[in-house]
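Read off the chains here:
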Amino acid sequence: MAAPISLSLSSLASKSQQLVRNERRMFVASDDGAMMKQIQSSHAPDGRVVDVKPILQVIENVLHHIIPNIDHAMNGGTGHIDALDDRTNSSAVGGALDALAYIVHKICCEVSCKCSGGGDAHATTMGILNMLSSYSWDAKVVLTLAAFAVNFGEFWLIVQLCTSNSLAKSVALLKQLPDLLEHSPTLKPHFDALHKLINAMIDVTKCIVEFTELPSEFISINVPPLSTAMAHIPTATYWIIWSTFITSTSEAWELSSLAHKVSSIHEHLQSLLRLCYQRIDEKKLMEAFEDFKRTIETPQMDNLKILLKIFRKEETCYLKNPEKTEVLIDVLRRKHVLLLISDLDSSHEEIRVLEALYKGERVSSELNYEILWLPIVDRSTWNDGFEQKFLSLKSIMSWYTVKHPFAIEPAVIKYIMEVWGFFKKPIAVTLDPQGKVLCPNALNMMWIWGNSAFPFSSEKEESFWKAEAWTLELLVHRLEPNLPTWMSQQKVVCFYGGVQMEWIESFTTATKGVAKALDIGLEMVYVGKNNAKERVKKITGLIKEKQLSHAWEDDNVWFFWNRLESMMYWKTQHGKTIENDVIKQEVITMLAYDGSENGWAVFFTGSDEMVRANGEKVISSMKSFDEWEKLAKQMGFIPALRKHLDGITDDHHCTSLILPGNGGGIPERVQCAECGRPMEMYFMYRCCVE
């Protein structure tokens with residue numbers, strides 16, 4: 001950059017015009033195959049290592065502080081030197097430059113002499129490449145940029161001081177710098193373009209250096225995208241060296257064109273760098289995934305090693321305990337732990353139901369377990385809204401929670417989704433005190449049998465199902481506190497659902513009339529409809545106001561339908577079909593009833609004598625009671641109703657079964673609850689539920 005110091009403006013323009021055609025030709029030709037071979041032939045590294053990072057830091061300090069001073073000088077400001085916020089480690093830079101001062105000085109002289117003599121930019125560039133043949137590509141470009149910074153920095157120090165310092169003014173006169181200051185308004189476009197070019201040169205240089213620092217254990221230099229990038233780096237190096245020479249002999253339009261080209265090189269290298277980091281992250285993720293897989297599948301002395309691996313290494317493994325204070329994860333050591341895994345859409349009903357279990361029978365020593373919430377989120381879409389949602393959910397949980405979702409190791413999230421099968425619908429993975437996975441999802445058995453299924457192992461769940469039958473206790477569990485009393489009094493118990501108030505009023509009135517005519521005890525309970533919270537809440541209020549029947553609150557309604565879904569999922573995942581499993585047949589029938597907007601009802605006497613029907617059939621039967629009244633008095637209410645229902649034939653019916661598609665285990669074949677024919681499968685997309 002010595003040329004502007006020794007050339008007048010007229011000679012600068014003359015030299016520029018002489019080189020325009022030649023440089024424009026080289027501007028295109030330098031990227032073709034022949035030129036690439038020429039550039040590559042100059043490269044003969046001898047293995048020497050240059051610590052370029054501290055040198056590059058000094059280069060950035062020089063060039064980034066020059067630009068504001070250019071603007072100051074161009075606007076007629078008086079000479080001054082800014083105080084630099086220089087945090088560079090001088091000893092590190094000095095050490096790095098000790099053995100390189102000569103080569104940097106040599107490049108300075110080469111550029112200065114060729115600029116002053118009107119040398120050919122390509123020849124000068126190739127000369128510098130040959131001079132640096134034994135250095136790596138990143139060292140070539142950093143050393144050349146260092147020489148450029150020396151020349152350019154010396155030049156602008158004189159420009160800054162020449163108006164206020166007599167020594168600088170004399171030097172400026174000898175170097176013909178007054179021309180520059182006098183014509184500063186006309187040179188502003190030139191220096192604006194130069195500003196853009198310098199920034200682009202620094203960006204490309206930093207990018208080249210960054211490629212050399214990529215960890216070889218995670219990405220190979222012989223495989224794309226790194227091999228692709230390495231193939232482009234020689235050309236990028238050529239253009240950086242070209243730019244250090246051409247800045248002193250070009251006009252504004254040409255500098256702008258060059259800046260655009262160098263910026264394009266940077267964009268291309270940056271896109272390849274992003275692909276490299278993506279490949280590195282994928283490799284790291286797979287290694288961490290395999291490491292976690294080995295750890296969790298290997299017998300341990302206790303569960304702490306596994307629990308620690310759930311969290312990112314840079315995270316301190318603190319949790320929030322039920323009292324909302326920070327504790328170390330060690331508090332869970334050698335305890336039964338349920339890893340509650342969900343997204344941020346968990347319902348409050350679900351949390352309250354789980355809390356009732358967590359705070360209930362578990363207080364006895366035999367049922368002692370802890371819950372740790374692991375929220376799985378999409379980090380790429382995280383915002384303040386999700387942050388508040390996370391904090392809101394965490395605040396109502398009475399068990400251990402992570403400090404933040406980002407504390408969870410990404411490889412563990414991959415394992416959770418691929419091995420444990422998490423996708424939106426919450427799961428609870430059970431770890432015993434030694435860290436052994438007892439069940440990849442204990443929530444199903446917890447919803448069905450509560451804490452009696454502790455320690456929530458797959459073996460315990462299997463044994464429970466072997467002993468289970470389709471009974472009133474299985475259907476309702478402990479949701480209805482009056483049920484034991486009603487059963488001891490041998491009452492007929494009716495559970496019904498739907499969201500049509502007119503049908504509910506007609507059905508409850510007609511059914512009560514039948515019970516009165518038969519002089520039998522009857523209790524009716526409204527269990528609502530799945531995923532219709534607001535409508536059910538409104539209807540529940542009306543039922544209670546009109547004293548039509550008992551009606552459950554939100555938590556029990558959610559629990560009832562969720563238990564049925566849990567039964568269906570387990571049966572499906574374990575290969576049970578409606579042909580060979582009565583429980584699955586009944587569960588799917590109940591879920592199919594709920595899929596309709598119409599009502600439905602199921603009647604029980606005792607534990608296992610039952611009859612069920614959709615809303616249209618059951619209300620028709622109640623209203624035509626006189627047709628089967630005699631039979632009911634002879635054989636009993638439920639047998640007579642069943643026989644009457646069997647005699648009703650539908651010319652047409654429409655039954656649908658709606659199952660959430662995020663829980664896994666969706667059955668491929670489902671029979672119609674009314675006629676037994678296979679139902680057709682459709683896809684329904686729904687953005688939300690009530």
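Residues numbered from 1 in each chain as written. Predicted model: local features only at pLDDT ≥ 70, side-chain atom pairs only at ≥ 80, totals over all residues. Heavy atoms only, no water.

Student: Residues and numbers for the pattern of salt bridges, please.
Tutor: All chains considered together, the criterion is met by 24 salt bridges. Across the pair Lys403 and Glu326 runs a salt bridge whose closest N-O atoms are separated by 3.3 Å. One end of the pair, Lys403, is in the loop between strand 5 (400-402) and helix 17 (410-418); the other, Glu326, is in strand 2 (residues 326-328), and 77 residues separate them in sequence. A residue is classified by how much of its surface remains accessible, and Glu326, at 40% relative accessible area, is partly exposed. Between Asp554 and Lys537 there is a salt bridge; the shortest N-O distance is 3.6 Å. On the criterion of sequence distance, the pair formed by Asp554 in helix 24 (residues 554-573) and Lys537 in helix 23 (residues 533-546) is long-range, its members being 17 residues apart. Under the relative-accessibility criterion, Asp554 is labelled partly exposed at 22%. (Salt bridge = Lys/Arg side-chain N within 4 Å of Asp/Glu carboxyl O. Helix = DSSP H or I, 4+ residues; strand = E, 2+ residues; numbered from the N terminus. Buried < 20%, exposed > 50% of the residue type's maximum accessible area, 1.4 Å probe, protein only.)

Student: Report on unusual backbone geometry, specifying residues and quantitative values.
Tutor: Look at the link from Pro224 to Pro225: it is a cis peptide, with omega at 5 degrees. Here the bond from Phe454 into Pro455 is cis, since omega is 15 degrees, no more than 30 degrees from zero. Relative to the helices and strands, Pro455 resides in the loop between helix 18 (443-449) and helix 19 (458-466). Of note in this structure, Lys424 is not a glycine but carries a positive phi near 70 degrees. Assignment of secondary structure puts Lys424 in the loop between helix 17 and strand 6 (427-431). Accessibility expressed as a relative area gives 39% for Lys424, which makes it partly exposed. Of note, the phi angle at Phe456 is positive, near 60 degrees, even though the residue is not glycine. Its place among the elements puts Phe456 in the loop between helix 18 and helix 19. Take Phe456: its relative accessible area is 0%, and that puts it in the buried class.

Student: Can you tell me about the sheet that holds strand 9 (residues 522-526), naming the residues and giving the values?
Tutor: Read from one edge of the open sheet, five strands run 10-9-8-11-12, paired in mixed fashion. The outermost strands of the open sheet, each flanked by one partner alone, are strand 10 (550-551) and strand 12 (609-614). As paired elements, strand 9 and strand 10 share two bridges and run parallel to each other. Note on strand 10: the bridge partner recorded for Tyr526 is Ala551. Running over the sheet, helix 22 (residues 501-518) touches strand 8 (492-497), strand 9 and strand 11 (600-605) and is turned about 165 degrees from strand 9. (Pairing = 2+ DSSP bridges. Contact = heavy atoms within 4.5 Å. Axes fitted to C-alpha atoms, helices over the stretch in contact; angles between N-to-C directions.)

Student: Summarise the environment of Leu475; cite the residues concerned and give the values.
Tutor: Relative to the helices and strands, Leu475 resides in helix 20 (residues 472-476). The buried category is assigned to Leu475, whose relative accessible area is 0%. Sequence separation between Leu475 and Trp561 is 86 residues, and the spatial gap between their C-alpha atoms is 9.8 Å. In contact with Leu475, not counting residues within four places along its chain, are Trp470, Phe560, Arg563, Leu564, Met590, Val602 and Phe604.

Student: I'd like a rundown of helix 16 (residues 384-395), residues and numbers included.
Tutor: With twelve residues, helix 16 ought to run about 16 Å at 1.5 Å a step, and its terminal C-alpha atoms sit 16 Å apart, in line with that. Every buried residue of helix 16 is accounted for by Phe390, Leu393 and Lys394. Buried residues of helix 16 fall within an arc of 100 degrees about the axis and therefore sit on the same side. Across from the buried face of helix 16, at angles greater than 90 degrees, the exposed residues are Asp384 and Gln388. Its side-chain oxygen placed 2.9 Å from the backbone nitrogen of Gly385, Asn383 serves as the N-cap of helix 16. (Expected span 1.5 Å × (residues − 1). Arc of directions from axis to C-beta. Polar contact = N/O pair within 3.5 Å; in protein donor to acceptor, adjacent residues only side chain to side chain.)

Student: Pulling in residues and values, what's your account of the nonpolar core?
Tutor: Core analysis: the biggest nonpolar cluster contains 134 residues, and Leu339, Phe507 and Phe603 have the highest contact counts within it. In terms of residue count, helix 24 provides more of this core than any other element does, ten residues in total. When residues of this core are sorted by domain, at least three fall in each of domain 2 (303-455) and domain 3 (472-679). In this structure, Val142, Trp156, Ala200 and Ala229 belong to the second largest nonpolar core, which totals 73 residues. (Core = buried A, V, L, I, M, F, W, Y, C linked by side-chain atoms within 4.5 Å. Domains from an automatic or database assignment.)

Student: Go over the packing of aromatic side chains, please, and point to the residues and values.
Tutor: Both the distance between ring centres and the angle between the ring planes are used here to describe each pair of aromatic rings. Summed over all chains, the structure comprises 34 aromatic pairs. When the centroid spacing of 5.6 Å and the interplanar angle of 90 degrees are considered together, the rings of Tyr238 and Trp239 count as edge-to-face. Residue class for Tyr238 comes out buried when judged on its relative accessible area of 0%. Their ring planes at 75 degrees and their centres at 5.0 Å tell us that Trp449 and Trp465 sit as a pair that is edge-to-face. Taken together, the residues Trp449 in helix 18 and Trp465 in helix 19 connect sequence positions 16 residues apart. By the burial criterion, Trp449 is buried, and Trp465 matches it. The ring centre of Tyr135 lies 4.5 Å from the NZ or CZ of Arg48, which sits over that ring. (Phe/Tyr/Trp six-rings, centres within 6.5 Å; stacked < 30°, edge-to-face > 60°. Lys NZ or Arg CZ within 6 Å of the ring centre and 35° of its normal.)

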